[in-house]
Every structure is written in structure tokens, then in C-alpha cells.
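So the chains spell out like this:
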Amino acid sequence: MTNTELLTRADVLRHGRTPFVLATVVHAERPTSAKPGDRALVLPDGTVEGFVGGACAETTVQLQGLRVLETGESLLLRITPAADTGAEEAQEPGEGLVTVANPCLSGGTLDIFLEANLPPALAYVYGHAPIARALLDVGRVLGLDARPASPGEPLPPDLDIVVVATHGRDEQTVLIEAARAGIPYIGLVASPRRGASVLAGLDLTDEQRARVHTPAGLDIGARTPAEIALSVYAEIIALRPQAPRAARPGAVPAAPRTRTEDVDPVCGMTVAITPDTLSLDRAGRRMYFCGPGCRHAFADDPFPYADA
């Protein structure tokens, strides 16, 4: 895959709201098979597309890439040969820099920038009045993927925000569906009196009903549609730590919730366990390996690694 093809693939992933990490080699000290400018993508399932080095370097990029997908924070990864044959060492000498001692490398050092590409929060806005239009405009300025929606439209699994500003039209249907789906933030634009009346008539449990915020937004004395939209997003931002993305049942997380890892018994490297990770069964336990060399060594004579 050429860099042009890889960047085209990245655009497709962005359009499909699929999270990924773009790994770019920024510095290489020979001997290495990768050179500056080589790139690869790391997907949430651990798939690596592109080229940033041999099997051992790719294994490290895969593991660190999955960690970046969890944190959402980009970093500079330095992969350097281990000083000895002991276990892999990962150090964090500075913010945004991780150094990994990889005993499998042929002798060179690679610096690879891992850039997190996570889809923006997805917001559905119901209604056609000025407040609804302002909610779309302000949301997009804030970097959200704010979209107009209609009652009866299926709710995508990665939906983060639902704001209903229909002024009494089809409110209950939308609110019930959103609450039962566990959308992190649900707001109803209404007066306190009408909002309370709508809530009381919803066929929801008390816990589900409590998820609906009405009147939507913080009380900042908003008057115009733009100010009301601003108050709604201010409330969403204020509640963000309590309403993390992918917190609802059936949601698709930006990355695997629990990243499964193991240690290669031959070289001591930490590897991410994915469907494609090389492995062998030994004495009732599955052993995982960074590459074919370590797996062959273990298969030929497992006893030197029995205590690993």
C-alpha cells in the first residue's frame, strides 16, 4: 500500500466514523527496514495496514497504537534495541514520548509518531425552528458532528447527544427511544413547566426519566437562539466527565474496552492479543509471540522458556 493509498484509506475511515491511529516514521537509524515517511494505520481490532518496519517493530506499533486509541492522546514512540536479552522495557521520559526497548530489532532505532484519529462526538438535533438551527451551527463550531434528525430515524450506536427542539411535535417518541438506548446526553428545549409535564408523561423508568435534561442547558440568562444553543452545549461540556462516550449498552467504543496483552516468553516483549497474533498452546496455556522467529524458537525447544 502506497502512502497515497493509505491516506485515501484514512479518509474513508474518517468518513465512516471509524477510529484509527496514523503511524508515521519520522526518524530512522540504520539498520532498519523502515525509512522516514513510511506510514501505517492501526485499527481498533489491532489490524495494521501499511508499513512502519518489520514484524517486531510492527508488533510494538500495534500495541502502542491500541493504547493511543484508548487514551485519545497522540505520542512519539521510540523503538530501540534492548541493552540485554531481558524483558521489554517501556519508559516515559517525558509527556508525549514513550521509549520501548525491543530486543528483536536488528540494531537500529525508529522514532514513530502515533496520531490518534477519533471521530468527533455525534449529536442529533430534532426540530426546524431557529433554536434547532442554532444548535446545529454552534455544535459544528465546537467541533461536533452535529446533524439534523427526524423522529423515527434509527439511532446509531455511537450517538452521544440528542437535543429535542421541536416545540411540542413528536417529543415523547424521540425522548423515550433515546432514554431507552442510553444516550449519554438527552436534552429537551422547553419551559420548566412544559418540560416537567412532558417528563411526567413518558413511559420510562425513574432512572431513564432522570437522563432527560429539561429545560436543556445551563441557566445563563439565554434569550436568543444562539445563546440558548450555547447554554445547552455548556451543560453538555459540564456533564462530560459523568457521561463518557460509549457508556451506554450496545454502544461501539472508540477502542476495545479491555485491551488484552501478554508477554512473549522468548524475547519478553509485550504483545497485544488480536485474532492475528501468533500463538502456540503449551501445557494447557496459550502462549503469544511477537513474530515467527520467537514462535519457531519456542516450538523447537520450549524448556528454556518454561519459567517465562
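Up top you'll find the structure we're talking about.
Computed from a prediction, not measured in an experiment: that's the story for all the values here.

1. Some points on the pairing of strand β1 (residues 20-29)
- Pairing geometry for β1 and strand β7 (residues 109-117), over 9 bridges, is antiparallel. If you follow Glu29 over to β7, its bridge partner there is Thr109.
- Pairing of β1 with strand β2 (residues 39-42), which is carried by 4 bridges, proceeds in the antiparallel orientation. In the sheet register, Leu22 faces β2, and the bridge partner there is Leu41.

2. Comments concerning the nonpolar core
- Within the largest apolar cluster, 24 residues are counted, with the highest numbers of intra-cluster contacts made by Val52, Val61, Leu77, Ile112 and Leu114.
- Contributions of two or more residues to this core are made by β1, β2, α2 (55-71), β4 (75-80), β6 (97-101) and β7.
- Take this core: its biggest share by element is 6 residues, from α2.
- Aside from chain neighbours lying at most four places away, what touches Ile112 is Ala23, Thr24, Val25, Val26, Val52, Val61, Leu75, Leu76, Leu77 and Ile79.

3. Some details on the state of the cysteines
- Within the structure shown, the criterion is met by 0 disulfides.
- The thiol of Cys294 is not disulfide-bonded; the next cysteine sulfur, from Cys290, is found 3.8 Å away.
- Judged by relative accessible area, which is 9%, Cys294 ranks as buried.

4. Considerations on the side chain of Asp111
- With respect to the helices, strands and loops of the structure, Asp111 is situated in strand β7.
- Judged by relative accessible area, which is 6%, Asp111 ranks as buried.
- Engagement of the side chain of Asp111 in a polar contact is seen with the side chain of Arg78, the distance being 2.8 Å.
- With residues up to four places along the chain from it excluded, the contact list for Asp111 reads Thr24, Val25, Val26, His27, Leu76, Leu77 and Arg78.

5. Brief notes about α2
- In this model, α2 (17 residues) spans 25 Å end to end at C-alpha, consistent with the 24 Å of a helix rising 1.5 Å per residue.
- Buried residues dominate α2, accounting for 12 of its 17 residues.
- Burial in α2 covers these residues: Cys56, Ala57, Thr59, Thr60, Val61, Gln62, Leu63, Gln64, Gly65, Leu66, Val68 and Leu69.
- Positive phi appears at Gly72, one or two residues downstream of α2, with a value of about 75°.

Conventions we followed
Residues numbered from 1 in each chain as written. Predicted model: local features only at pLDDT ≥ 70, side-chain atom pairs only at ≥ 80, totals over all residues. Heavy atoms only, no water. Pairing = 2+ DSSP bridges. Helix = DSSP H or I, 4+ residues; strand = E, 2+ residues; numbered from the N terminus. Core = buried A, V, L, I, M, F, W, Y, C linked by side-chain atoms within 4.5 Å. Buried < 20%, exposed > 50% of the residue type's maximum accessible area, 1.4 Å probe, protein only. Contact = heavy atoms within 4.5 Å. Disulfide = S-S within 2.5 Å. Polar contact = N/O pair within 3.5 Å; in protein donor to acceptor, adjacent residues only side chain to side chain. Expected span 1.5 Å × (residues − 1).

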